[in-house]
Amino acid sequence: MSELTVGTRYAKSLIDLAQEQDIVDVIKADMDLFLHTLKASPELKAVLSNPIIAHIKKIKILDEVFAGKVNKATIAFFKLMVNKGRGEVLYTTALEYINLYNIKRHITKAKVASATELSAANKQTLVAELQKAIGGTVELEAKVDPSLIGGFVLTVGDRQVDTSIAASLKKLKKEFAEQAV
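Parameters and conventions
Residues numbered from 1 in each chain as written. Predicted model: local features only at pLDDT ≥ 70, side-chain atom pairs only at ≥ 80, totals over all residues. Heavy atoms only, no water. Helix = DSSP H or I, 4+ residues; strand = E, 2+ residues; numbered from the N terminus. Buried < 20%, exposed > 50% of the residue type's maximum accessible area, 1.4 Å probe, protein only. Areas by Shrake-Rupley, 256 points an atom, 1.4 Å probe, with all protein chains shown as cover. Salt bridge = Lys/Arg side-chain N within 4 Å of Asp/Glu carboxyl O. Pairing = 2+ DSSP bridges. Axes fitted to C-alpha atoms, helices over the stretch in contact; angles between N-to-C directions. Parallel < 35°, antiparallel > 145°, perpendicular 65-115°, else oblique. Left-handed = near helix turned anticlockwise from the far one by under 90°. Contact = heavy atoms within 4.5 Å. Nonpolar A, V, L, I, M, F, W, Y, C, P; charged D, E, K, R; others polar. Right-handed = clockwise from strand over helix to strand, strands pointing away.

Engineer: Is there a simple way to think about the overall build of the protein in this case?
Structural biologist: Looking only at helices and strands, the protein has eight helices and four strands in total. Each helix and strand of the protein, ordered N terminal to C terminal, gives the series α-α-α-α-α-α-β-α-β-β-β-α. Once the C-alpha set of the protein is aligned to its principal axes, its extents read approximately 65 × 35 × 30 Å. Taking all 181 residues of the protein together, 35% fall into the buried category. Put simply, the protein shows about 11400 Å² of open surface, and 56% of that area lies on carbon and sulfur atoms.

Okay, here's the thing in structure tokens:
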């Protein structure tokens, strides 16, 4: 079974448990912290994925790193996963939990790349338009990409809108090349 399939199943179980205990938001914050910690410490991710390292040692490490920082249910879940030999799936499970959380809360992630920094007003307008178009809440991640020359590239899910000058120039170049032949 693929890591994604296993991670999704565990994430569904965890979100169901969190709903029963009314701690969905708390567990989401714990998963954010867990992912942030793993990204900052690739060694921890490697330890959790390593089948040679004993389960007891992995649990002790997780306790030392996360005790007092995350909910008891989260620590218990981590221990359960490690004891079942699924330490390597913890990262994927955390990602899938956040995806399920976003679906339940109607949160859509959007990314925009622009040639220059977007003003706060531009970001607000873009978020408002997206929320009106797709409903729910939109979390916008903005970045600057000078290679776009001007305009922006907006990505929402698997859809992309490219209004950049670089894309327009590339399109013109292709049209000229086709006409020249």
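Engineer: What am I meant to see in the pattern of salt bridges here?
Structural biologist: Charged atoms that come close allow side chains of opposite charge to pair. Under the criterion given, the structure shown has six salt bridges. With a closest N to O distance of 2.6 Å, glutamate 139 and lysine 109 form a salt bridge. One end of the pair, glutamate 139, is in strand β2 (residues 137–144); the other, lysine 109, is in strand β1 (residues 107–114), and 30 residues separate them in sequence. The partly exposed category is assigned to glutamate 139, whose relative accessible area is 32%.

Engineer: Teacher, can you tell me more about the sheet that holds β2 here?
Structural biologist: Sheets are built from strands paired through backbone hydrogen bonds, the pairs being either parallel or antiparallel. With respect to topology, four strands assemble into an open sheet ordered β2-β1-β3-β4, the strand pairing being mixed. With partners counted over all chains shown, the strands left at the sheet margins are β2 and β4 (159–162), one partner each. If you compare each strand with its neighbour and ignore which way they point, the axes differ by 15° on average. Pairing analysis gives four bridges linking strand β3 (residues 152–156) to β4, with the strands arranged antiparallel. The partner of valine 153 across the bridge, within β4, is aspartate 162.

Engineer: Sorry if this is basic, but what is going on with the packing of helix α4 (residues 55–66) against helix α5 (residues 72–83) here?
Structural biologist: Packed helices, taken two at a time, are described by the angle their axes make and the gap between the axes. With their axes 9 Å apart at the nearest point, α4 and α5 run at an angle of 160° to one another. One element, α4, and the other, α5, form an angle in the roughly antiparallel class. When you trace α4 past α5, the crossing you get is right-handed. Residues His55, Lys58, Ile59, Leu62, Asp63 and Phe66 of α4 lie in contact with α5, whose contacting residues are Ile75, Phe78, Lys79, Val82 and Asn83. Grouping the amino acids of the contact of α4 with α5 by side-chain chemistry returns six nonpolar, two polar and three charged.

Engineer: Just checking my understanding: could you explain the pairing of β2 for this structure?
Structural biologist: On a regular strand, each side chain points to the face opposite its neighbour's, so the side chains alternate between the two faces of the sheet. Relative to β2, β1 runs parallel, the two being bridged by eight bridges. Considered in β2, the bridge of valine 112 is made with alanine 142. A crossover links β1 with its parallel partner β2, the connecting element being helix α7 (residues 120–134), and its sense is right-handed.

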